[in-house]
Number of protein chains: 2
Amino acid sequence: MSGVRSVDPLAVHFDDRGLVPAIVQDADDGRVLMLAYMNAESLGRTIAEGRTVFWSRSRRELWAKGDTSGEVQHVVELSLDCDGDTILVRVHQDGGGACHTGARSCFDVAPKEA
Amino acid sequence: MSGVRSVDPLAVHFDDRGLVPAIVQDADDGRVLMLAYMNAESLGRTIAEGRTVFWSRSRRELWAKGDTSGEVQHVVELSLDCDGDTILVRVHQDGGGACHTGARSCFDVAPKEA
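Throughout what follows, the structure given in this document is the object of discussion. (Residues numbered from 1 in each chain as written. Chains lettered and ligands numbered in written order. Predicted model: local features only at pLDDT ≥ 70, side-chain atom pairs only at ≥ 80, totals over all residues. Heavy atoms only, no water.)

What to know about the packing of aromatic side chains
Residue and element names in this part refer to chain A.
Okay, so step 1: All chains considered together, the criterion is met by two aromatic pairs over all chains.
Okay, so step 2: Centroid distance Phe 54 to Trp 63: 5.1 Å. Interplanar angle 50°. Geometry classified as tilted.
Okay, so step 3: Over the face of the ring belonging to Tyr 37 we find Arg 17, whose NZ or CZ atom lies 5.6 Å from the ring centre. (Phe/Tyr/Trp six-rings, centres within 6.5 Å; stacked < 30°, edge-to-face > 60°. Lys NZ or Arg CZ within 6 Å of the ring centre and 35° of its normal.)

Below, the structure is given as structure tokens:
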């Protein structure tokens, strides 16, 4: 990540669950792909490995994006917002898309029924 | 909002605080401007009024974006993600920018010290 705009993990304001929302945006065309959550460990791994690692709130475990699907997100840039409580991650997206449905963006599909 | 892609408020999965994160993206150039939170009432007003209304977690009140700053965000499109727990709002941004710092995007500025 040397030379790449990144974030200082110490500047991040994690919420009372220890999480921060991370918006993932395609660096090539600007499309917003998904939103997921990071804890301090997943943010550290994202910075160190140069690809997105999240905290899965449903599975309650680290989630290295692409480990099972092949849809790795290679980090181009990490930015923290003005009050330090949201991260924007600009990526090169491997594979067909970011969404577990197969769509390129999680915002391209109608939500499933509750 | 007739003819505009919108979301069904009943399909939104609000969290245990009654909130859903809303990513605001500039519809013209794709820039991610900010992330804020909506409750059911602010989402309803956003849909009805065609401009963003959020729930301010710090002030604990509805926050009609632009009422004091003039930086109204006119809604172009609302999309819900695949699991119904994040909203993407594509907007035309009035004024100089979305951020209280004067920046065009909240991700354009270094975070203030904690």
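Regarding the sheet that holds strand β6 (residues 87–93) of chain B
Residues and elements named next belong to chain B.
Okay, so step 1: Ordered in space as β2-β1-β6-β5, the four strands form an open sheet in which the pairing is mixed. Looking at the sheet topology across the chains shown, the edges are occupied by β2 (32–38) and β5 (73–80). Taking the axes of each pair of neighbouring strands and ignoring which way they run, one obtains an average angle of 25° across the sheet.
Okay, so step 2: Where β5 lies against β6, seven bridges are found, and the strand directions are antiparallel. Residue pairing across strands places Glu 77 opposite Arg 90, the latter belonging to β6.
Okay, so step 3: Against the sheet, helix α1 (residues 40–49) makes contact with β2, β5 and β6, and its axis sits at roughly 125° relative to β2, the strand it touches most. (Pairing = 2+ DSSP bridges. Helix = DSSP H or I, 4+ residues; strand = E, 2+ residues; numbered from the N terminus. Axes fitted to C-alpha atoms, helices over the stretch in contact; angles between N-to-C directions. Contact = heavy atoms within 4.5 Å.)

Describing the sheet that holds strand β6 (residues 87–93) of chain A
All names here are of chain A.
Okay, so step 1: In spatial order, the strands read β2-β1-β6-β5; together these four strands make up an open sheet with mixed pairing. Among the strands making up the open sheet, the edge pair consists of β2 (32–38) and β5 (73–80). Across the sheet, the mean angle from the axis of one strand to that of its neighbour is 25°, orientation sign disregarded.
Okay, so step 2: Alignment of strand β1 (residues 20–26) against β2, held across six bridges, turns out to be antiparallel. Following the sheet pairing, Val 24 is matched in β2 by Met 34.
Okay, so step 3: Seen against the sheet, helix α1 (residues 40–49) touches β2, β5 and β6 and runs at an angle of roughly 125° to β2.

Some details on the interface of chain A and chain B
Okay, so step 1: Contacts between the two partners involve 31 residues from chain A and, on the opposite side, 31 residues from chain B.
Okay, so step 2: Roughly 2400 Å² of surface becomes buried between chain A and chain B when both sides are summed, with 65% attributable to carbon and sulfur atoms.
Okay, so step 3: Along the contact surface separating chain A from chain B lie two salt bridges.
Okay, so step 4: Connecting chain A to chain B are six residue pairs in polar contact (both at pLDDT 80 or more). (Buried area = accessible area lost by both parts, 1.4 Å probe. Salt bridge = Lys/Arg side-chain N within 4 Å of Asp/Glu carboxyl O. Polar contact = N/O pair within 3.5 Å; in protein donor to acceptor, adjacent residues only side chain to side chain.)

Observations regarding α1 of chain A
In an α-helix, one turn spans 3.6 residues; hence positions three or four apart end up facing the same way.
All names here are of chain A.
Okay, so step 1: Every buried residue of α1 is accounted for by Ser 42, Leu 43, Thr 46 and Ile 47. Summarising the axial view, the buried residues of α1 lie within an arc of 135°, below the 170-degree limit, and thus occupy one face. Turned more than 90 degrees off the buried face of α1, the exposed positions are Glu 41 and Ala 48.
Okay, so step 2: Structurally, α1 contributes buried residues whose contacts are with β2, β3 (53–56), β4 (61–64), β5 and β6.
Okay, so step 3: Two residues or fewer after α1 comes Gly 50, characterised by a positive phi angle close to 70°. (Buried < 20%, exposed > 50% of the residue type's maximum accessible area, 1.4 Å probe, protein only. Arc of directions from axis to C-beta.)

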